[in-house]
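Topology and contacts: notes
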Amino acid sequence: MFSAEEVQVLLLSLRVAFCCVLLSLLPAVLLGWLLARREFPLKIALDGLCHLPLVLPPVVTGYLLLLLFGRRGLFGPVLAVFDLQLAFDWKGAVLASAVVGFPLMLRSVRLGIESVDPRLERVARTLGAGPVRTFLTVTLRLAAPGLLVGSLLSFARSLGEFGATITFAANIAGQTRTIPSAIYTYLNQPDGESRVVGLIVISVALSLLALVASEWSARRLRST
Amino acid sequence: MFSAEEVQVLLLSLRVAFCCVLLSLLPAVLLGWLLARREFPLKIALDGLCHLPLVLPPVVTGYLLLLLFGRRGLFGPVLAVFDLQLAFDWKGAVLASAVVGFPLMLRSVRLGIESVDPRLERVARTLGAGPVRTFLTVTLRLAAPGLLVGSLLSFARSLGEFGATITFAANIAGQTRTIPSAIYTYLNQPDGESRVVGLIVISVALSLLALVASEWSARRLRST
Amino acid sequence: AAASLSSALSELATHYKGMHLSVASSSTLAKQIAAGAPADIYFSANAEWMNYLQTRQHIEQDTRVDLLGNALVVIAPRKEPFAVRWARDFDFASAFAGRLALGDPDHVPAGQYARQTLGKLGWWSALKNRIAPAPDVRAALVYVERGECAAGLVYATDAAQSDRVVTLATVPDSLHRPIVYPAAIVKGRANAQTRNLLAFFSSETATVIFRKHGFTFLGDQRVQR
Amino acid sequence: MLRLRAQRQLGPFALDIDIECRHAVTAIYGPSGAGKTSLLNVVAGLVQPDAGEISLDGQTLFSSAQHIDLPPEHRRIGYVFQDDLLFPHLSTKENLCYGRNLLPAAARRFALDQIVDLLEIGPLLKRRPGHLSGGERQRVALGRALLTSPRLLLMDEPLTSLDQGLKNRIIPYLCHVRDALQIPILYVSHSVAEILELTSQVVVLDRGQVIAHGDFFTIAAHPQVLPLVEEHGFENVLDVEIAATDAERGVCEVLCHGQQLKIPYCDQPVGSRLFIGIRADDIVLARQRPTGLSVRNALQGTISAIADVGGKQLIYVDVGRRLAAKTTSEAIEEMQLGIGDPIYCLVKTHSIRLGPQLNRPEKR
Amino acid sequence: MLRLRAQRQLGPFALDIDIECRHAVTAIYGPSGAGKTSLLNVVAGLVQPDAGEISLDGQTLFSSAQHIDLPPEHRRIGYVFQDDLLFPHLSTKENLCYGRNLLPAAARRFALDQIVDLLEIGPLLKRRPGHLSGGERQRVALGRALLTSPRLLLMDEPLTSLDQGLKNRIIPYLCHVRDALQIPILYVSHSVAEILELTSQVVVLDRGQVIAHGDFFTIAAHPQVLPLVEEHGFENVLDVEIAATDAERGVCEVLCHGQQLKIPYCDQPVGSRLFIGIRADDIVLARQRPTGLSVRNALQGTISAIADVGGKQLIYVDVGRRLAAKTTSEAIEEMQLGIGDPIYCLVKTHSIRLGPQLNRPEKR
Ligand SMILES: Nc1ncnc2c1ncn2[C@@H]1O[C@H](COP(=O)(O)OP(=O)(O)OP(=O)(O)O)[C@@H](O)[C@H]1O
Ligand SMILES: Nc1ncnc2c1ncn2[C@@H]1O[C@H](COP(=O)(O)OP(=O)(O)OP(=O)(O)O)[C@@H](O)[C@H]1O
Ligand SMILES: [Mg+2]
Ligand SMILES: [Mg+2]
């Protein structure tokens, strides 16, 4: 049904999207909690920083990533120590789409955490649970719908992310060519339209699948 | 400090972003409620449709908008009746960024509505409030943090939206050239980089402002 | 007009009242015109998309003109130059480490010209897996500027814009298809005003400006197909 | 009048009710989990019965047969929830006024100030519920429901977190609501003292079923009601007629099955009838009408039965109505009490509790 | 022993407490909004005092001077909240086990089954709180706190929504917790009956301040405590020593200031001392030791005072301790009672309420 190339693109996109969610979840949870429950100086600055990738055109984000994580970038030497090459690599695609999707993830997680009754956290403390356990078993669990939505948004955004990825990770067939990059490539070919349709169908199907999965989990979470 | 051209771009971007939020808020609230509180056939399909603009690369969204709302598009004749020109017009930029930001708005609004204790709605009913009043004074009011986050995301996304806008509304200086389009244009000019930096600073400042405003309102909303 | 033309054209606009620029990639513009965009003149960065519109009857065929030309150059980060020779026996692949930045040969015209060049010289197979296909020439330039890539193949016009790269050599025209920037009046828009504007692009003023931006002016040789 | 016939399945729990409440106040009583809250929810229109019919003062609120289901906001039923469920985003005052502001001014039967004073929530008006104590929240919830001027009030344990002082001030007001404003009340409570200050009409629920329904004192024999009666110590109830009142001395003279009794003063006209309650514990038995005792009342009768109830000896004496007196087995032996013996039941005036009136127009 | 000195401002409300609780159970009593919940929150570590010091059994939990603030989870204090605050995402069983599972098995002093049986929540174990009734939720919350095997229990009106039957089964268990497991309790309640079944030690709060602290019967004269006492009808309290017990007949013989009394049976060894309560209403006065009466007890004494309290006549009789008896003014006239007259106070055995024991090791 699909060409080998398309299958490759699809698998890569899936891998990138999954890793993107995995990569952003932990920071989003930590930052979400920090922003939802703590007051500290420069909070608004941190908050603003987290929203940046939303405001900046993705291409700009891609350039900034290059400035920061490129071989000659600010953190280039650090990455070199770990022998980690991000630019022009699928890991870079993960980073790019994670960064672009991060504000979405963070906001949902934060909204989820903010909707948790803090009294329940206090109850857990009196029952002997420390702050970490309380956070994991009460706050996070009750914020789970938010986490789920955040993951879904991040996943979907990753499936659709293009500007930052293509700028930071380029568009190397078989290595960093995700569905949107492929779509972009075909769109820029005068005869590419028919192949675009196929890819769109794939990504729509993927996101629908993710949606169904998330709705199903949300239902389970909420079942009382 | 800024050139007249940059001021023009800034004002247009602001106008587009505001209108984008205004345009999406009502449908997001209605759909958010529908998806959060009702069960109906094809719910998942509707849900999926609303997530589409997130998954599709914005350029594709732009093309689809062109296919639907262009002069030769599906709804072209309908729009012509109202003498409404969307494509290649700033209103088109509003539509494009509204569509692209809609999943974010919708998800936040829905998350907000889902976190409202339905028992409070029942209380309002026994106090004599009809379903609409209950929705407005209880559900929506308690979901306000979600609405706020949704508006912020939609606003910020609109400030950063580029692919769909440039495709559907084009990049006509003074008419549809928003900040991201301008950034794109300047990136292609030899002396553009300094102007790009200026524009980025502007849009970061704008979004920080929006963020501060939203945090301030959220604090007021939550103050108990 | 295509994005790569934006700086030259915005400068032109200051000399011609009533000219409104819409800047995007050639493909985007072509599709917008196909969808009925209220544009008068389409100024493309390559022939393919002009052909696309032409076969679909969206332009006034007889107004199509290849206005500008460009050259392909090899660039390197400013402090890491190396020598290049245009000969089959030159080991280009070993002349630099890391990746070679170029426009994505799958759709960016500059990349396609670059691939042709490398192919003709027999260098392509050694470099095939070492290219960094950028979404556009600008991005390819940035890759080299940032030192992410040790070499790149970009337009002369782009290379001229950056002082952080050095132009090592210009690719001889014979190694690739001619690089042209065709313009044409959109179907149904041919009137005195638009013809006047198109003519202005060939005027003395315009020529000077285009040259200043690094393009070669190809005059008004009509292309017939 | 509330007519209620409803079945509803809630998980493993089945509610199956068929009652008619003709009285100004009907108390709903039953163990935890019996279905009291569910019953109120059904009446308020918050839970739809699987089948049944509900009508209030002749208007059908719900009917599965006729496919009628009046939405809650059209039922005009006030509901004080078991959890206070105040709106967290509104101040106390806004909470109080939420329903009230939806009423046309003419339909408002309570003044805001009056309710605020009664519930002693004046200083809290500007605060949000998050900053109120449990009892304060409960009072606001009570006020909020009252201020909707409903035609029926549902109250789900509305006074549990209040101190006795507040209860003592609020309950008479509820009596006022019941009598002067003629707003009938369905009142869920575990406190018999509270219930009896408002009504003697009780519906006893267990496992979703009505197991007894009627006058508290007549259904008292029911094994599920007995513990309540015991709790309150009201084993005996008599209906009496006021013969004379003496406010100064704080007593009333009443006639009880032809015999005279002195009871604590109550502000009722001579000739009105009321219930009085006497605890079996409070009755002293005597062979002769005693002298030199501070006891005011001696009802004459004959012993009709002697029963051993859980180690306690109950002597039933017929004084025109059956009275139960509690005593020790020692006393029975010593006094050589036997069935048929004539006996005096001594009761101190202040041991007699006043129950609800008999001639109050309770039917509506 | 809990030592608590704490100040804390909450909006307009100032909590300022300085108490020492040496007893197994200390009841916290006070009108709604008095600061009872705030006090418990401070002890539990949920609200940080602005200044003060808290120590439990010698361990400092909080000290503003020493900058100590032990987090709640290290205080090992169980807390039954006024709102049940069950975890909505956990089943009943998971709620119950939340704290218990954090304990090493050796530290668990309650068996899950035992608590489930006591609270009668067996059928609810799999359900989530959203599907429980109010009283069911309250019971689960109670069980959840007990199962953490704390070294101090804070209970904020833990039995308000429970029916009398359940209360009657749970309170003895709390006594067991208090005595056998030696877990001290701070118990907030508006029900004096409930309080007195657990303790006679009361802290009375009003507007954030301790206005009385000590034995319920000794602080009874305080104008804020009096209404409680009145409510319960416990105007008289005597300390007595058990002389003989008779389980079969259900009585005990006790010595009270040299006189014999028969009281309801209590399972205590001969020689133990306890408090008994007698309501002023329940005392019948007699000129002579009566015969032919079912009354078992006649305490001999002399009238020490006659007082008119709100229209009611109180006769104070010195029987080794001062007893108050309520009667009508008519009776006083008729019997010609005067100060200094010898008199008998008749009390029925079953009118005597058993109070807390005196010789229980209440100090810890
Ligand atoms: N966060 C707060 N901000 C302002 N006032 C508060 C806050 N929390 C409590 N209060 C006030 O402090 C007082 C004491 O509250 P607390 O909950 O301790 O009372 P309580 O004795 O438990 O009353 P109740 O019997 O009604 O539960 C109340 O008047 C309450 O309004
Ligand atoms: N949504 C539900 N799903 C399953 N069972 C339910 C649900 N709601 C209530 N129940 C069960 O129905 C029974 C009756 O509940 P209800 O709240 O009416 O009791 P109640 O008489 O008000 O008790 P309480 O005095 O404890 O408040 C309870 O056993 C409860 O567990
Ligand atoms: Mg209930
Ligand atoms: Mg409280």
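Structure: see above.
Just so you know, these numbers come straight off a predicted model, no measurement behind them.

1. A word on the site of ligand 1
Within the structure, ligand 1 sits among 20 residues, and D:Arg127, D:Ser133, D:Gly135, E:Thr37 and E:Ser38 are positioned closest to it. Residues within reach of ligand 1 are spread across chains D and E. At a separation of 3.2 Å, an oxygen atom of ligand 1 approaches a polar backbone atom of E:Ala34. Coverage of ligand 1 by the protein amounts to 90% of the 640 Å² it exposes when considered alone. Breaking the shell around ligand 1 down by element, the ones donating at least two residues are helix 4 (134-146) of chain D together with helix 1 (36-44) of chain E. Tallied by class, residues from the shell around ligand 1 come to 4 nonpolar, 12 polar and 4 charged.

2. Focus on the relation of the copies chain E and chain D
Between chain E and chain D, which share one sequence, the superposing operator has a rotation angle of 180 degrees and an axial displacement of 0.2 Å; the RMSD is 0.4 Å. What the rotation and shift describe, once combined, is the action of a two-fold rotation axis. Relative to the rotation axis, the C-alpha of E:Thr160 is the closest in chain E, positioned 2.8 Å from it. Of all interface residues in chain E, 100% are interface residues in chain D too; the two copies therefore contact each other through one and the same surface.

3. Side note on the coordination of the magnesium ion (ligand 4)
All names here are of chain E. Around the magnesium ion (ligand 4), the protein contributes the donor atoms Thr37 (OG1) and Gln82 (OE1), which lie 1.9 to 2.2 Å from the metal centre. Here Thr37, found in helix 1, pairs with Gln82, found in the loop between strand 7 (77-80) and helix 2 (92-100); they are 45 residues apart in sequence, far enough to count as distant. For Thr37, a relative accessible area of 23% puts it in the partly exposed group.

4. Points about the site of ligand 2
Around ligand 2, a shell composed of 20 residues is seen, among which D:Thr37, D:Ser38, E:Arg127, E:Ser133 and E:Gly135 lie nearest. Chains contributing residues to the immediate surroundings of ligand 2 are chains D and E. Within the backbone of E:Gly134, one N or O atom sits 3.3 Å away from an oxygen atom of ligand 2. For ligand 2, an oxygen atom lies 2.6 Å from a polar atom in the backbone of E:Gly135.

5. Section: the packing of aromatic side chains
Given two aromatic rings, one states the distance between the centres and the angle between the planes to describe the pair. Counted by the stated rule, this structure contains 30 aromatic pairs over all chains. Judged by centre distance (4.4 Å) and plane angle (40 degrees), the rings of A:Phe162 and A:Tyr184 are tilted. Of this pair, A:Phe162 sits in the loop between helix 8 (144-160) and helix 9 (163-168) while A:Tyr184 sits in helix 10 (residues 179-187), placing them 22 residues apart in sequence. Of the two residues examined, A:Phe162 and A:Tyr184, each falls in the buried class. Where C:Tyr16 meets C:Phe200, the ring centres are 4.8 Å apart and the plane angle is 40 degrees; that geometry is what we call tilted. In this pair, C:Tyr16 sits in the loop between helix 1 (6-13) and helix 2 (26-34) while C:Phe200 sits in helix 9 (residues 192-200), placing the two residues 184 residues apart along the sequence. Both residues of the pair, C:Tyr16 and C:Phe200, count as buried. Above the plane of the ring of E:Phe87 lies E:Arg144, whose end atom (NZ or CZ) is 5.0 Å from the centre.

6. Some words on the pattern of salt bridges
Evaluated as defined, the whole model comprises 60 salt bridges over all chains. Close ionic contact of C:Arg85 with C:Asp89 constitutes a salt bridge, the shortest N to O distance being 3.8 Å. Taking the relative accessible area as the measure of exposure, C:Asp89 reaches 60% and is therefore exposed. Note that E:Asp282 and E:Arg279 form a salt bridge whose closest N and O atoms lie 3.1 Å from each other. The residues E:Asp282 and E:Arg279 share a single accessibility class, namely buried. Salt bridges linked by common partners bring A:Asp47, A:Arg107, A:Arg110, A:Glu114 and B:Glu215 together as one network.

7. Details of the interface of chain D and chain B
With 21 residues of chain D in contact, the opposing surface of chain B contributes 24 residues. Surface buried jointly by chain D and chain B totals about 1,900 Å² across both partners, of which 67% is contributed by carbon and sulfur atoms. Broken down residue by residue, the surface that chain D buries against chain B is led by D:Glu73, D:His89 and D:Tyr98, which jointly contribute 30%. Scanning the region where chain D abuts chain B turns up 2 salt bridges. For B:Arg125, the salt bridge identified is with D:Glu73, shortest N-O distance 2.6 Å. Across the chain D-chain B interface, the total number found is 4 residue pairs in polar contact (both at pLDDT 80 or more). When residues of the side of chain D that touches chain B are traced back to their parent elements, those giving at least two are strand 7 (77-80) and helix 2 (92-100) of chain D. Taken together, the residues of the side of chain D that touches chain B break down into 13 nonpolar, 4 polar and 4 charged.

8. Concerning the sheet that holds strand 1 (residues 41-43) of chain C
Residues and elements named next belong to chain C. Across the sheet, 4 strands lie side by side as 1-8-2-9; this open sheet has antiparallel pairing. Single-partner strands in this sheet number two, and they are strand 1 and strand 9 (216-217). Relative to strand 8 (residues 180-185), strand 2 (residues 65-69) runs antiparallel, the two being bridged by 4 bridges. Its bridge partner being in strand 8, Val65 is matched across the sheet by Ala183. Relative to strand 8, helix 3 (residues 47-55) is tilted by about 25 degrees, and along the sheet it contacts strand 1 and strand 8.

9. Regarding unusual backbone geometry
Residues and elements named next belong to chain D. In this structure, Gln182 takes a positive phi of about 55 degrees despite not being glycine. Relative to the elements of secondary structure, Gln182 occurs in the loop between helix 5 (164-179) and strand 9 (185-188). Of note, the phi angle at Gln336 is positive, near 50 degrees, even though the residue is not glycine. Inspection of the secondary structure puts Gln336 in the loop between helix 8 (329-335) and strand 20 (342-347). By relative accessible area, which is 64% here, Gln336 ends up exposed.

10. Some details on the nonpolar core
Counting 255 residues, the largest nonpolar core has C:Leu9, C:Phe43, C:Phe92, C:Leu100, C:Phe201 and C:Phe210 as the members making the most contacts within it. Leaving out residues up to four positions away in the same chain, C:Phe201 has contacts with C:Leu9, C:Leu12, C:Met19, C:Ile41, C:Phe43, C:Leu67, C:Ala206, C:Phe210 and C:Phe217. Grouped together as the second largest cluster of nonpolar side chains are 41 residues, A:Ala129, E:Leu15, E:Leu61 and E:Leu154 included.

11. Notes on the packing of helix 6 (residues 118-126) of chain B against helix 7 (residues 131-142) of chain B
Residues and elements named next belong to chain B. Across the interface, helix 6 lies against helix 7 with an axial gap of 9 Å and an inter-helix angle of 145 degrees. Crossing geometry of helix 6 relative to helix 7 is assigned as right-handed. Contacts from Leu120, Glu121, Ala124 and Arg125 of helix 6 reach helix 7 at Pro131, Thr134, Val138, Thr139 and Leu142. Here the contact of helix 6 with helix 7 is composed, by residue class, of 5 nonpolar, 2 polar and 2 charged.

12. Looking at the sheet that holds strand 6 (residues 149-155) of chain C
Residues and elements named next belong to chain C. Spatial ordering of the open sheet is given by 5-4-6-3-7, a layout of 5 strands whose pairing is mixed. Every other strand in the sheet has two partners, leaving strand 5 (131-134) and strand 7 (165-170) as the edge strands with one partner each. Mean inter-strand twist for the sheet, computed between neighbouring axes without regard to direction, equals 25 degrees. Bridging between strand 3 (residues 72-77) and strand 7 involves 5 bridges; their strand directions are antiparallel.

13. Concerning a nonpolar patch on the surface
Residue and element names in this part refer to chain A. Side chains of Leu64, Leu67, Leu68, Leu74, Phe75, Val78, Val81, Phe82 and Leu84 sit close together on the surface and give an oily, nonpolar patch of about 820 Å² of accessible area. Mapped by element, the contributors of at least two residues to the nonpolar patch are helix 3 (58-69) and helix 4 (76-81). Top element by residues in the nonpolar patch is helix 3. It accounts for 3 residues. Looking at where Val81 falls in the secondary structure, it is placed in helix 4. Val81 sits in the exposed class, given a relative accessible area of 66%.

14. A closer look at the interface of chain E and chain D
Listed as interface residues are 58 residues of chain E and, on the opposing side, 58 residues of chain D. Taken as a group, E:Arg249, E:Arg296 and E:His350 account for 14% of the area that chain E buries against chain D, more than any other trio of residues on that side. Counting across the interface, chain E meets chain D through 4 salt bridges. Note that D:Arg137 is salt-bridged to E:Asp83, the shortest N-O span being 2.9 Å. One can count 15 residue pairs in polar contact (both at pLDDT 80 or more) joining chain E with chain D. Counting residues per element, the side of chain E that touches chain D draws most heavily on helix 8 (residues 329-335) of chain E, which supplies 6 residues.

Analysis parameters
- Residues numbered from 1 in each chain as written.
- Chains lettered and ligands numbered in written order.
- Predicted model: local features only at pLDDT ≥ 70, side-chain atom pairs only at ≥ 80, totals over all residues.
- Heavy atoms only, no water.
- Near = heavy atom within 4 Å.
- Polar contact = N/O pair within 3.5 Å; in protein donor to acceptor, adjacent residues only side chain to side chain.
- Areas by Shrake-Rupley, 256 points an atom, 1.4 Å probe, with all protein chains shown as cover.
- Helix = DSSP H or I, 4+ residues; strand = E, 2+ residues; numbered from the N terminus.
- Nonpolar A, V, L, I, M, F, W, Y, C, P; charged D, E, K, R; others polar.
- Least-squares fit on C-alpha atoms with pLDDT ≥ 70 in both.
- Contact = heavy atoms within 4.5 Å.
- Donors = N, O, S within 2.8 Å, 3.2 Å for Na, K, Ca; no water.
- Buried < 20%, exposed > 50% of the residue type's maximum accessible area, 1.4 Å probe, protein only.
- Phe/Tyr/Trp six-rings, centres within 6.5 Å; stacked < 30°, edge-to-face > 60°.
- Lys NZ or Arg CZ within 6 Å of the ring centre and 35° of its normal.
- Salt bridge = Lys/Arg side-chain N within 4 Å of Asp/Glu carboxyl O.
- Buried area = accessible area lost by both parts, 1.4 Å probe.
- Pairing = 2+ DSSP bridges.
- Axes fitted to C-alpha atoms, helices over the stretch in contact; angles between N-to-C directions.
- Core = buried A, V, L, I, M, F, W, Y, C linked by side-chain atoms within 4.5 Å.
- Left-handed = near helix turned anticlockwise from the far one by under 90°.
- Patch = residues over 30% accessible without salt bridge, like charges linked within 9 Å, V, L, I, M, F, W, Y side chains within 5 Å.

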